[in-house]
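Descriptive analysis of the structure
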Amino acid sequence: MSTIFSVSSQISSVSTFSDLVNTDFRGEINALCWYRDLDGDFNEIVGKLYIKENITEVYPEDLIALQLSEKGNIARDIILNDIQLLADFGASPSLNLLKCYERDDEFDFISTDVYSFHVDRSPIATDTFLCTYHGAASDIISNSQAEQKILIPEIRAKLKELHNGTEQEFENFLKENYFDLHYQAHADVEPINLGLGHLWRLAVDHPKQQVLPCIHRAPLENEGEYRLLLIC
């Protein structure tokens with residue numbers, strides 16, 4: 001197990017997919033990691049896929065159609081198996097070939113794109129699953145290491161300048177525009193990188209959740225390198 005995982009109070013490591021989906025979040029733990037050292041050539045798969053736009057969804061039939069080496073075949077089988085495991089569990093996994101995500105630059109004092117530390121929200125009981133097979137991997141931080149951006153006085157004041165209405169209407173405005181999902185990391189915080197090949201389950205903000213949602217962000221992409229990410 002990676003040392004950084006073992007010293008984090010928010011992460012619990014598991015050794016099977018069954019444990020990943022059946023282990024409850026408790027206390028400070030809001031991230032579960034099926035820690036894996038994967039074999040296979042995922043770079044070969046990325047090199048043979050065609051990116052149509054900044055985010056291109058890759059379907060199982062796209063993978064099956066690729067002519068691959070032995071190592072490439074191993075990587076493909078791993079991805080297809082992960083997709084099947086998640087689908088059988090009832091999730092809707094999406095395999096994405098990523099050049100970059102869309103940036104939010106409407107305001108210079110707050111960002112609501114996925115490069116900003118944020119939490120996911122759902123009206124139903126669900127979790128976020130993700131695995132990066134190739135390219136830069138996502139980061140997480142503990143809830144004690146960040147502050148909700150809408151509670152930072154100077155940011156809240158500027159948001160209030162954008163909205164005229166009652167306090168309740170203002171709170172609704174913050175939720176409707178997803179401002180309340182974003183967080184500012186404290187100074188000198190070192191995020192935990194989720195690494196390559198590990199399948200993660202992150203806690204989401206929903207009515208039945210017993211723990212705080214996991215704060216995470218998409219990474220800045222490496223120059224000239226695509227990401228291959230499974231997410232649902």
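Attention here is on the structure that accompanies the text. Throughout this description, residue numbers start from 1 for each chain and increase along the sequence as written. Owing to the predicted nature of the model, reporting of local features is limited to residues with pLDDT of at least 70; listing and counting of side-chain atom pairs is limited to 80 or more, with chain, interface and lining totals taken over all residues. To obtain the side-chain values, all non-hydrogen atoms of the structure were included, while hydrogens and water were left out.

Right, let's get into the layout of surface pockets. Both site types are read off a 1 Å grid over the protein atoms alone. A 1.4 Å probe that fits but cannot get out defines a cavity, while an open set with protein on both sides within 12 Å along at least five of seven lines defines a pocket; lining residues have an atom within 4 Å of a point. Grid points are joined across faces, edges and corners, and a volume is the space filled by probe spheres set on the points. Taken as a whole, the largest pocket encloses approximately 230 Å³ of empty space. A run of H or I in DSSP counts as a helix once it spans at least four residues, and a run of E counts as a strand once it spans at least two, with each numbered from the N terminus. In terms of residue count, the dominant contributor to the lining of the largest pocket is strand β5 (residues 127-134) (three residues).

The next subject is the nonpolar core. Residue types Ala, Val, Leu, Ile, Met, Phe, Trp, Tyr and Cys, when buried and joined through side-chain atoms within 4.5 Å, form a set referred to as a nonpolar core. Residue exposure (1.4 Å probe, protein chains only): buried if accessible area is under 20% of the type maximum, exposed if over 50%, otherwise partly exposed. Ranked by internal contacts, the top residues of the largest apolar core, which has 32 residues, are L20, I45, I79, L95, Y133 and L228. With five residues, helix α5 (residues 70-89) is the single largest residue contributor to this core. The contact criterion used is simple: two residues touch if any of their non-hydrogen atoms lie within 4.5 Å. Excluding residues within four positions of it along the chain, L20 makes contact with V14, L32, C33, W34, F129, L199 and R201. Formed by 15 residues, the second largest nonpolar core is a distinct cluster that contains I11, A31, Y101 and A218.

The next thing to look at is the packing of helix α6 (residues 153-161) against helix α7 (residues 167-176). For every element, the axis is a line fit to its C-alpha atoms; helices are fit only across the contacting stretch, and the angle between N-to-C directions ranges from 0 to 180 degrees. Axis separation between α6 and α7 bottoms out at 11 Å; the angle between their running directions is 105°. Considering the angle they form, α6 stands roughly perpendicular to α7. Residues R156, L159 and K160 of α6 pack against E167, F170, E171, F173 and L174 of α7. Under the grouping applied here, Gly and all other residues not named as nonpolar or charged are polar, the nonpolar ones being Ala, Val, Leu, Ile, Met, Phe, Trp, Tyr, Cys and Pro and the charged ones Asp, Glu, Lys and Arg. Here the contact of α6 with α7 is built from residues that sort into four nonpolar, no polar and four charged. Just so you know how the angles are binned, under 35 degrees is roughly parallel, over 145 roughly antiparallel, 65 to 115 roughly perpendicular, and the rest oblique.

Overall, mixed pairing links the seven strands, which are arranged β1-β2-β10-β5-β12-β4-β3 in an open sheet. Looking at the sheet topology across the chains shown, the edges are occupied by β1 (11-14) and β3 (55-58). Across this sheet, the average inter-strand angle for adjacent strands is 25°, counted without regard to direction. What makes two strands pair is DSSP finding at least two bridges between them. Bridge count for strand β4 (residues 94-98) against strand β12 (residues 227-231) is five bridges, and the pairing is antiparallel. Paired with N96 across the strands is L229, a residue of β12. Packing of α5 onto the sheet brings it into contact with β2 (31-34), β4, β5 and β12, and relative to β5 it is tilted by some 175°.

We now examine the side chain of H118. Along the chain, H118 falls in the loop between β4 and β5. Polar contacts, as counted here, are pairs of nitrogen or oxygen atoms within 3.5 Å of one another; within protein the pair requires one atom able to donate a hydrogen and one able to accept it, and residues that are adjacent in sequence qualify only if both atoms are side-chain atoms. Of note is the side chain of H118, whose polar atom sits 2.8 Å from the backbone oxygen of S116. Apart from residues lying up to four places away in sequence, H118 is in contact with D113, L181, H182, Y183, C214, I215, H216 and R217.

These values are about where atoms sit, not about what they do.
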